[in-house]
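Notes for the structure review
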Amino acid sequence: MAPPDFVVIVADQLRADAVGAFGAEHARTPNLDGLAAAGMTFTNAFVQHPVCSPSRASFLTGWYPHTAGHRTLDGLLRPDEPNFLRTFRDHGYHVAWAGDRGDTFARRATELSVHEHGFTEVPAGPRWGGEPAERRRRRPAVSGIEPEDSLWDRLFYGGEVLDDALDFDEAAVRTAESWLADPPEQPWILFVPLIAPHCPFEAAEPWFSLHDRDTQPAPLPPSAGPAYLAAIREKYGLDRATPAVWQEVAAVYQGMVSRLDAHVGRIVAALAPETVVAFFADHGEYLGDFGVIEKWPSAMHACITRDPLILSGGPVPAGHRSDALVELVDVFPTLLDLAGIEPDHVHYGQSLRHLFGNPEGEHRQYAFTEGGFLAEEEPRLERGAFPYDLKGELQHENPRLVGKAFAARDRDWTYVWRLYEPPELYDRRTDPAETRNLAGRAESASVEDRMREAVLTWLATTADVLPAHRDPRRPAVDLPVPKP
């Protein structure tokens with residue numbers, strides 16, 4: 001039997017609860033819902049880092065961000081490090097990358113990992129939408145907030161896009177469609193990392209007006225929580241965001257998700273039924289929950305860390321849902337398992353294949369997420385351009401706001417250990433939104449102890465990997481001897 005072909009589609013900043021197949025009643029995602037119905041959804045999948053670059057480094061290596069120090073936006077995968085795309089290539093697969101998403105490979109690593117890379121039609125304009133002057137956009141007046149009000153900038157909100165320039169995702173999808181029209185005869189894997197629904201939150205018609213503002217669910221209200229929540233609200237001036245403003249932002253975000261859904265539908269329409277599709281995101285989005293927007297390097301909330309993972313096609317059973325605990329590091333080992341390829345390096349992913357015939361089975365006892373920095377690492381922290389400038393300022397003014405954090409989840413509980421702040425413990429059976437911190441209470445002390453021990457054990461067992469090569473203990477040295 002011939003090994004399967006694969007398409008891997010990665011969204012950016014997509015909340016699981018923004019997709020219909022994951023319970024979003026207000027979503028319009030027929031293609032993703034159809035992909036899920038034809039395959040398998042994983043309702044308890046979690047990312048290993050809340051920011052794009054470390055998350056991508058993690059799911060492409062099967063390493064946790066701390067394993068090799070991939071914890072920053074510029075700590076990319078180097079040519080001397082392994083990754084699963086390169087594993088596919090080294091084992092006879094043709095590997096193609098539609099677009100040039102970046103935030104993944106360092107210089108010269110892409111050439112070692114894929115055969116083809118880039119666009120058939122190069123997109124126009126900036127990748128992230130750009131500042132207001134760079135695209136023609138129109139913002140509404142909402143609840144007393146005028147279109148030119150700076151609050152929109154601090155909500156990363158662009159509004160209605162009025163030009164028809166070819167943007168990044170459309171160019172990447174056209175590239176994928178063109179490539180799929182004439183794929184190679186040998187087994188192949190097509191990697192399609194997209195931008196949507198990453199901010200700025202903006203869309204052209206029909207996506208801009210697709211979702212009714214009045215029916216958007218209210219975000220979770222502001223809470224105490226870790227200190228960065230209040231700091232963001234104050235620094236950005238988000239206390240001025242009325243319910244109508246949050247609904248406006250949410251409706252445009254959902255419009256971006258619907259456009260992403262249409263892009264996924266076009267790619268899937270070009271595939272043979274036996275092609276295996278993996279769809280997931282690198283992390284989520286606050287979207288007003290806890291009174292904040294966007295993401296944060298030490299954010300552990302479920303709106304940021306829970307992932308909309310779908311596998312479909314080929315041997316993946318149709319119509320199955322699994323609520324087993326899953327990590328993104330498990331995705332590529334699953335695909336390699338289906339291809340009959342044994343990875344060439346030590347990693348921490350676990351194939352999900354055993355769940356295909358037993359969707360009610362267990363997979364992991366815990367799912368882990370990490371993020372943040374040491375205070376003394378402040379010089380390495382980001383200094384983003386507008387509208388990320390205030391975010392960068394916060395991190396440099398008080399690096400403890402972005403201190404290291406580690407989260408462990410089991411079936412019922414979420415535990416977060418923070419380097420510079422008290423721990424957090426949430427009982428998701430009674431508090432699925434993780435809003436009531438039970439850490440330090442006598443009645444939950446045994447759970448807190450168990451979860452803390454789980455984090456310690458995980459860190460100890462995944463702190464590093466032994467190099468594959470062995471160095472001679474007494475190598476020959478080509479230097480002159482010391483002078484007498």
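Right above here is the structure, for reference.
Residue numbers restart at each chain and count upward from 1, following the sequence in its written direction. For a predicted model such as this one, the threshold for reporting local features is a pLDDT of at least 70, and the threshold for listing and counting side-chain atom pairs is 80 or more; totals across whole chains, interfaces and linings nevertheless cover every residue. Hydrogens are left out, water is left out, and the side-chain values use all remaining heavy atoms of the structure.

What the chain contains, in helices and strands, is 12 helices and 16 strands. In this treatment the radius of gyration is a C-alpha quantity, and the globule benchmark scales as 2.2 Å times the residue count to the 0.38 power. Since a compact globule built from 484 residues should have a radius of gyration of about 23 Å, the 23 Å found for the chain is in line with a globular shape. Evaluated residue by residue, the chain yields a buried proportion of 58% over its 484 residues. As presented, the chain carries roughly 20100 Å² of accessible surface, and 52% of it is formed by carbon and sulfur atoms. Working convention for charge: Lys and Arg count positive, Asp and Glu count negative, and His plus the chain ends are omitted. Here the site of a charge means NZ on Lys, CZ on Arg, CG on Asp, or CD on Glu. Averaging the locations of the 47 positively and 73 negatively charged side chains of the chain gives two centres separated by 4 Å. Secondary structure elements follow DSSP: runs of H or I of four or more residues count as helices, runs of E of two or more count as strands, with numbering from the N terminus. Type-normalised accessible area, obtained with a 1.4 Å probe on protein chains alone, sets the label of each residue: buried when under 20%, exposed when over 50%, and partly exposed for intermediate values. Residue exposure ignores everything except the shown protein chains as possible cover, and the areas themselves are Shrake-Rupley values with a 1.4 Å probe.

Here we come to the packing of helix 7 (residues 227-236) against helix 11 (residues 389-397). Interaxial angles span 0 to 180 degrees and are taken between N-to-C directions of axes, which are lines fitted to C-alpha atoms, for helices over the stretch in contact. Running from N to C, helix 7 and helix 11 point in directions that differ by 130°, and their axes come no closer than 10 Å. Our classification of the angle between helix 7 and helix 11 gives oblique. Pair helix 7 / helix 11 crosses with right-handed handedness. Counted together, Ala231, Ile232, Lys235 and Tyr236 of helix 7 and Leu390, Lys391, Glu393, Leu394 and Glu397 of helix 11 form the full contact between these two elements. Each residue gets one of three labels, nonpolar for Ala, Val, Leu, Ile, Met, Phe, Trp, Tyr, Cys and Pro, charged for Asp, Glu, Lys and Arg, and polar for the others, Gly among them. Class assignment for the residues of the contact of helix 7 with helix 11 results in five nonpolar, no polar and four charged. Roughly parallel means an angle under 35 degrees; roughly antiparallel means over 145; roughly perpendicular covers 65 to 115; every other angle is labelled oblique. Helix crossings fall into two classes, left-handed where the near helix is turned counterclockwise from the far one by less than a right angle and right-handed where it is turned clockwise. Whether two residues are in contact is decided by their heavy atoms, any of which lying within 4.5 Å being enough.

Here we come to helix 11. Among the residues making up helix 11, those that are buried are Leu390, Lys391, Gly392, Leu394, Gln395 and His396. Buried residues along helix 11 sit against helix 5 (151-154) and helix 7.

Attention shifts here to the environment of Asp289. Looking at the secondary structure, you find Asp289 in the loop between strand 9 (276-281) and helix 9 (302-305). Residue classification places Asp289 among the buried residues on the basis of a relative accessible area of 6%. For the pair Asp289 and Leu35, spaced 254 residues apart in the sequence, the C-alpha separation amounts to 28 Å. Contact partners of Asp289, with chain neighbours within four places excluded, come to Arg15, Pro219, Leu220 and Cys303.

Here we take up the sheet that holds strand 6 (residues 157-161). Consider a sheet: its strands pair through backbone hydrogen bonds, and that pairing is either parallel or antiparallel. Only when DSSP finds a minimum of two bridges between them are two strands counted as paired. An order of 5-6-8 is seen for the three strands of this open sheet, with the pairing classed as mixed. Both edges of this open sheet fall to strand 5 (137-138) and strand 8 (201-203), since each of them pairs with a single strand only. Of the pairings in the sheet, the one linking strand 5 to strand 6 comprises two bridges and is antiparallel in character. When the bridges of strand 6 are listed, Arg138 appears paired with Glu160. Lying over the sheet, helix 8 (residues 243-269) contacts strand 6 and strand 8, oriented at roughly 55° with respect to strand 8.

In this section: the packing of aromatic side chains. Aromatic ring pairs are defined here through the distance separating the ring centres and the angle between the ring planes. Pairing of aromatic side chains requires ring centres within 6.5 Å, counting the rings of Phe and Tyr and the six-membered ring of Trp. Pairs whose planes differ by under 30 degrees are stacked, by over 60 edge-to-face, and all others tilted. With the rule as written, the count across this model stands at 22 aromatic pairs. On the basis of an interplanar angle of 35° and a centroid distance of 4.6 Å, the ring pair of Trp152 and Tyr157 is categorised as tilted. Note on accessibility: Trp152 and Tyr157 belong to one class, buried. By the ring-pair criterion, three or more aromatic residues cluster together here, those being Tyr64, Tyr348, Tyr366, Phe368, Phe406, Trp417 and Trp458. One residue, Arg213, lies across the ring of Phe208, its end atom 4.8 Å from the ring centre. Placement of a positive charge over a ring is assigned whenever Lys NZ or Arg CZ falls within 6 Å of the ring centre and within 35 degrees of the normal to the ring plane.

Summarising burial for helix 2 (residues 52-61): 10 of the 10 residues are buried, a large majority. Every buried residue of helix 2 is accounted for by Cys52, Ser53, Pro54, Ser55, Arg56, Ala57, Ser58, Phe59, Leu60 and Thr61. Buried residues belonging to helix 2 abut strand 1 (6-11), helix 3 (84-90), strand 7 (188-193), strand 9 and helix 10 (331-339). In the stretch just after helix 2, Gly62 is the one whose phi turns positive, near 75°.

Okay, the side chain of Glu160 next. In this structure, Glu160 sits in strand 6. The buried category is assigned to Glu160, whose relative accessible area is 11%.

The next point concerns the nonpolar core. Nonpolar cores are built from buried Ala, Val, Leu, Ile, Met, Phe, Trp, Tyr and Cys residues. Side-chain atoms within 4.5 Å join them into one set. The biggest cluster of nonpolar side chains holds 79 residues, and the ones touching the most others in it are Leu14, Leu190, Phe201 and Phe279. Take this core: its biggest share by element is 11 residues, from helix 8. In this structure, Phe279 is in contact with Ile9, Ala11, Leu14, Leu32, Leu35, Leu260, Val264, Pro308, Leu309 and Ile310, ignoring residues within four places of it in sequence. Val47, Ala57, Leu60 and Val95 belong to the second largest nonpolar core, which has 41 residues in total.

This part takes up the sheet that holds strand 15 (residues 413-418). Judged by pairing direction, the sheet is antiparallel, and its four strands sit side by side in the order 13-14-15-16 without closing on themselves. Of all strands in the sheet, those bounded by a partner on one side alone are strand 13 (367-371) and strand 16 (424-427). When strand polarity is set aside, the average angle formed by the axes of neighbouring strands in this sheet is 10°. Relative to strand 16, strand 15 is paired through four bridges, and the arrangement is antiparallel. Bridge pairing links Trp413 to Asp427 in strand 16. Across the face of the sheet, helix 12 (residues 445-461) comes into contact with strand 13, strand 14 (405-409), strand 15 and strand 16 while running at roughly 60° to strand 15.

By salt bridge we mean one thing: a side-chain nitrogen of Lys or Arg within 4 Å of a carboxyl oxygen of Asp or Glu. Using the criterion set out here, one finds 38 salt bridges in the structure. Note that Arg266 is salt-bridged to Glu177, the shortest N-O span being 2.9 Å. One end of the pair, Arg266, is in helix 8; the other, Glu177, is in helix 6 (residues 168-180), and 89 residues separate them in sequence. With a closest N to O distance of 2.6 Å, Arg364 and Asp330 form a salt bridge.

The next point concerns the packing of helix 1 (residues 30-37) against helix 8. Between helix 1 and helix 8, the shortest axis-to-axis distance is 7 Å and the interhelical angle comes to 50°. Classified by the angle their axes make, helix 1 and helix 8 are oblique. Seen from helix 1, the contacting residues are Pro30, Asn31, Leu32 and Leu35; seen from helix 8, they are Asp261, Ala262, Val264, Gly265 and Val268.

Note that the residue after Cys199, namely Pro200, is joined by a cis bond; omega there is 10°. For the bond from Glu205 to Pro206, the omega torsion is 5°, close enough to zero to count as cis. Along the chain, the position of Pro206 falls in the loop between strand 8 and helix 7. Even without a glycine there, the phi angle at Gln13 is positive, about 70°. Relative to the elements of secondary structure, Gln13 occurs in the loop between strand 1 and helix 1. Exposure remark for Gln13: the relative accessible area of 0% places this residue in the buried category. For Phe156, which is not a glycine, the phi torsion comes out positive at approximately 55°. Within the secondary structure, Phe156 is located in the loop between helix 5 and strand 6.

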